[in-house]
Number of protein chains: 2
Amino acid sequence: MVYSLNIYEMKTPVTILDIARELGISKSTVSRVLQNTYDVNPETRQKVLDKMQQMNYRPNMMARNLKKGSTSVIGVNIPAFDIPFYSQAISGIQNEAARQGYNILTCQSNEDVNTELKNIETLLASQVDGLLISISKTARNVMHLLELQRNNIPVVLFNRVAGQMDFSKVYVNDFDGAHKMVNYLIGKGHKKIAHIAGPGNLSLSKNRIEGYKASLKAHGISFAEELLIEGDFSFADGARCMNELLDRQLEIDAIFCVCDSMALGCMQVLKQRGYRIPKDIAVAGYTNDPAAEYVDPGLTTIAQPSYQIGVEAAALLIRKIKNPAYPRQDVILDTELIIRNSA
Amino acid sequence: MVYSLNIYEMKTPVTILDIARELGISKSTVSRVLQNTYDVNPETRQKVLDKMQQMNYRPNMMARNLKKGSTSVIGVNIPAFDIPFYSQAISGIQNEAARQGYNILTCQSNEDVNTELKNIETLLASQVDGLLISISKTARNVMHLLELQRNNIPVVLFNRVAGQMDFSKVYVNDFDGAHKMVNYLIGKGHKKIAHIAGPGNLSLSKNRIEGYKASLKAHGISFAEELLIEGDFSFADGARCMNELLDRQLEIDAIFCVCDSMALGCMQVLKQRGYRIPKDIAVAGYTNDPAAEYVDPGLTTIAQPSYQIGVEAAALLIRKIKNPAYPRQDVILDTELIIRNSA
DNA sequence: CTGTTAGCGCTTTCAA
DNA sequence: TTGAAAGCGCTAACAG
């Protein structure tokens, strides 16, 4: 009798057919109470509901979705979960998606284009209704995005956007953020302001460079090529860039970094090499990572509404999914200058 | 003729039937090349492959999964994406899952039990093959977990674990971590060591308290109830606890916090109230958040292998999914004492 | 090696 | 208000 016990335990999930049989009715009727949009005899309805409760029925979304042709699932591809910006953006994405009855299938590219391609393939195979994408910094071209466009897949790009596709995009006004910061630095009397930029394939890098240049120009300071250096966003590379800049023996009184992690790398190098911050060289970041608040001196930076970016991106995508005719649009969010003590 | 154009554009996804028809063969044959486990005439196989390429065929996982009765999707419920520990753990989970051909459906509870319940319901409805759960700090009971057990759902709990269920668990040796830290503090000559603990419903809180007590005892220091205070993990609450402790006018020469965010809150209060760290009061944390490295003074803390916890949890769950007979097991990972300048 | 057939669990006409 | 039946895209016997 041990066997029957086992069989009992590995009970297969209960289906509408099971509960229909138990009640001596047809599965269509059961299905109807599930939709609660058709007319069903109130008594029957209640009996069905009770039975469902009793038998612990749970609708099989796979079957339902196969029938409906949509999954109410959004695929998300980001560079990495443990980048503070993305963990906050994902938080916004998930909350907004849940609010609207969507689930999220999440992948990280680990900053590798090939992984990114594979992720997108996997997500499409899972029949996601749409895609939220922030490209990897190694994505030198956007063929994969064009491919999505050709296939009419609803896509919204966020934060790291690129290309001229017919996709909505959500990002911050990088030009303005950089402009604001450099204005501030100049206002504090700095004149030799270096800039550590981000990877050249990302619009955000370009836009921040433009904002930096525009501010210099507006204040009659000529742009010096040798004060501009490209990095890869990482703490370690921030340190490398700072060392390189210092080794060039230029006069520098301030340094504006494309992101906080690089700025933190700069600060570490500056401290090691005996510079006082901000007295000898001021340091400014961008992104307002949690760490910016705790470092010494506190990092002056530009805050981005990362959670809100996630919310907007998800909302936009869902609107597009529900109405494919919904036109593309760019949502450009504002940044905020956060003044601490490093500049 | 505009209409026909539109119709052309909203082409429905191509199925195996489409490519079978195009080739004048049966869809079974097409299906067979998809499985590439059955014997198919090499020529036919190639023709099918070519056609798939040409027609841009993508298998419909929903259909496949409905048939197979499994989804190769793992449901994940965590308290919040933007807690550094979890963003790293998720990173490990996703990479390991992807390596083994699984996708992850992720939800956050925002530390709310009801949301947690809803998340789990949603994930189950999506027919996930198993669940990776870290409970919210407001989860005072574990009825929902018992329910999962009753339904034979493969579950692995990680980090924040609770209850006596037949689930595998992955967590760090909290007793040992706390013990190690307090030993270190005592070794530095501290005798009046306060402890800010975590929510009482979580084993990790209890275990760290036990480690703290055991170390005191081993060194002949008697445990003082008034030096123990319970907090909720947050920076703000760390500040609150610190103030409260200070206001009690006790002699304190060191404070050991259940997590770094609370320790950072303590440091802020201590600085504001004119205490020198570690001279007047030493501060120690737990978790080794990125910020711990950047604060001034650097925070002495206990590092947890957060990424690895994610990897182990995912691996364990997948093993259980593939072999339901696989017995439960506890994976207890080791911590590391990271000495900086705050203690 | 290949085609036919019967579902997986659900929704939704069409009739009654 | 209800039931019968077809079918979403795919897999897997079974038969040839």
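Coordinates for the structure precede this section.
Below is a summary of the structure that appears in this document. (Residues numbered from 1 in each chain as written. Chains lettered and ligands numbered in written order. Predicted model: local features only at pLDDT ≥ 70, side-chain atom pairs only at ≥ 80, totals over all residues. Heavy atoms only, no water.)

### Things to note about the protein's contact with DNA strand C
Surrounding DNA strand C, one finds 26 residues, the nearest of these being A:K27, A:Y57, B:S28, B:T29 and B:R32. Of everything in DNA strand C that lies within 4 Å of the protein, sugar and phosphate atoms constitute 54%. One of the side-chain N or O atoms of A:Q35 is found 2.8 Å from a phosphate oxygen in DNA strand C. A:R64 has a polar side-chain atom sitting 2.8 Å from a phosphate oxygen of DNA strand C. Looking at the surface near DNA strand C, the elements that each hand over two or more residues are helix 3 (27–35) and helix 5 (61–68) of chain A together with helix 3 (27–35) and helix 5 (61–68) of chain B. No other element matches the six residues that helix 3 of chain A contributes to the surface near DNA strand C. (Near = heavy atom within 4 Å. Polar contact = N/O pair within 3.5 Å; in protein donor to acceptor, adjacent residues only side chain to side chain. Helix = DSSP H or I, 4+ residues; strand = E, 2+ residues; numbered from the N terminus.)

### Here's the deal with unusual backbone geometry
Cis geometry is found at the peptide bond from A:I277 to A:P278, where omega equals 5 degrees. Tracing the backbone through its elements, the reader meets A:P278 in the loop between helix 12 (260–272) and strand 9 (282–284). The backbone of A:N159 sits at a positive phi, close to 60 degrees, despite the residue not being glycine. As for its placement among the helices and strands, A:N159 is situated in the loop between strand 4 (155–158) and strand 5 (168–172). With a phi angle near 60 degrees, B:N56 is a residue other than glycine that sits in the positive phi range. Among the structural elements, B:N56 can be located in the loop between helix 4 (42–55) and helix 5. For B:N56, a relative accessible area of 30% corresponds to the partly exposed category. (Buried < 20%, exposed > 50% of the residue type's maximum accessible area, 1.4 Å probe, protein only.)

### As for the protein's contact with DNA strand D
Within the structure, DNA strand D sits among 25 residues, and A:T29, A:R32, B:I16, B:K27 and B:Y57 are positioned closest to it. Within 4 Å of the protein, the contacting atoms of DNA strand D are drawn from sugar and phosphate to the extent of 56%. Residue A:D39 places a side-chain N or O atom 3.4 Å away from a phosphate oxygen belonging to DNA strand D. In this structure, a phosphate oxygen belonging to DNA strand D sits 2.8 Å away from a side-chain N or O atom of B:Q35. Of all the secondary structure elements, the ones that give two or more residues to the surface near DNA strand D are helix 3 and helix 5 of chain A together with helix 3 and helix 5 of chain B. Looking at the surface near DNA strand D element by element, the count peaks at five residues for helix 3 of chain B. Of the residues in the surface near DNA strand D, the class split is eight nonpolar, 10 polar and seven charged. (Nonpolar A, V, L, I, M, F, W, Y, C, P; charged D, E, K, R; others polar.)

### Looking at the interface of chain B and chain A
On the side of chain A, 45 residues touch chain B, which itself brings 45 residues to the contact. Both sides together, the interface formed by chain B and chain A hides about 4,000 Å², and carbon and sulfur atoms give 54% of it. If you sort the residues of chain B by the area they bury against chain A, B:R58, B:M62 and B:Y294 come out on top, with a joint share of 18%. Linking chain B with chain A are two salt bridges. With a closest N to O distance of 2.9 Å, B:E121 and A:R58 form a salt bridge. (Contact = heavy atoms within 4.5 Å. Buried area = accessible area lost by both parts, 1.4 Å probe. Salt bridge = Lys/Arg side-chain N within 4 Å of Asp/Glu carboxyl O.)

### Brief notes about the environment of B:L105
With respect to the helices and strands, the residue B:L105 is situated in strand 2 (residues 103–108). Residue B:L105 is classed as buried on the basis of its relative accessible area of 4%.

### Here's the deal with the relation of the copies chain B and chain A
Note on the copies: chain B fits chain A at an RMSD of 0.1 Å, the axial shift is 0.0 Å, and the rotation between them is 180 degrees. Here the two chains are linked by the operation of a two-fold rotation axis. Comparing interface residues between copies, 98% of those in chain B also lie at the interface in chain A; the contact surface is shared. (Least-squares fit on C-alpha atoms with pLDDT ≥ 70 in both.)

### So, the side chain of A:R208
Residue placement: A:R208 occurs in helix 10 (residues 203–218). Residue contacts for A:R208: discarding those within four places in its chain leaves A:D174, A:A178, A:H195, A:V258, A:Y286 and A:Q304.

### Notes on the packing of aromatic side chains
All names here are of chain B. Applying the stated rule across the entire model yields nine aromatic pairs over all chains. When the centroid spacing of 6.4 Å and the interplanar angle of 45 degrees are considered together, the rings of F256 and Y286 count as tilted. Here Y286 lies in the loop between strand 9 (282–284) and helix 13 (290–294) and F256 lies in strand 8 (residues 254–257), a separation of 30 residues in the sequence. For the pair shown, F256 and Y286 are each scored as buried. (Phe/Tyr/Trp six-rings, centres within 6.5 Å; stacked < 30°, edge-to-face > 60°.)

### Section: helix 12 of chain A
Residue and element names in this part refer to chain A. For helix 12, spanning 13 residues, the distance from its first C-alpha to its last is 18 Å, which sits close to the expected 18 Å at 1.5 Å a residue. What helix 12 keeps buried is the set D260, M262, A263, L264, G265, C266, M267, V269 and L270. Looking one or two residues past helix 12, G274 carries a phi angle of roughly 85 degrees, positive in sign. (Expected span 1.5 Å × (residues − 1).)

### Quick look at the environment of A:C241
Residues and elements named next belong to chain A. You can see C241 is positioned in helix 11 (residues 235–247). On the basis of relative accessibility, which here comes to 0%, the residue C241 falls in the buried class. Leaving out residues up to four positions away in the same chain, C241 has contacts with I196, I229, E230, G231 and M262.

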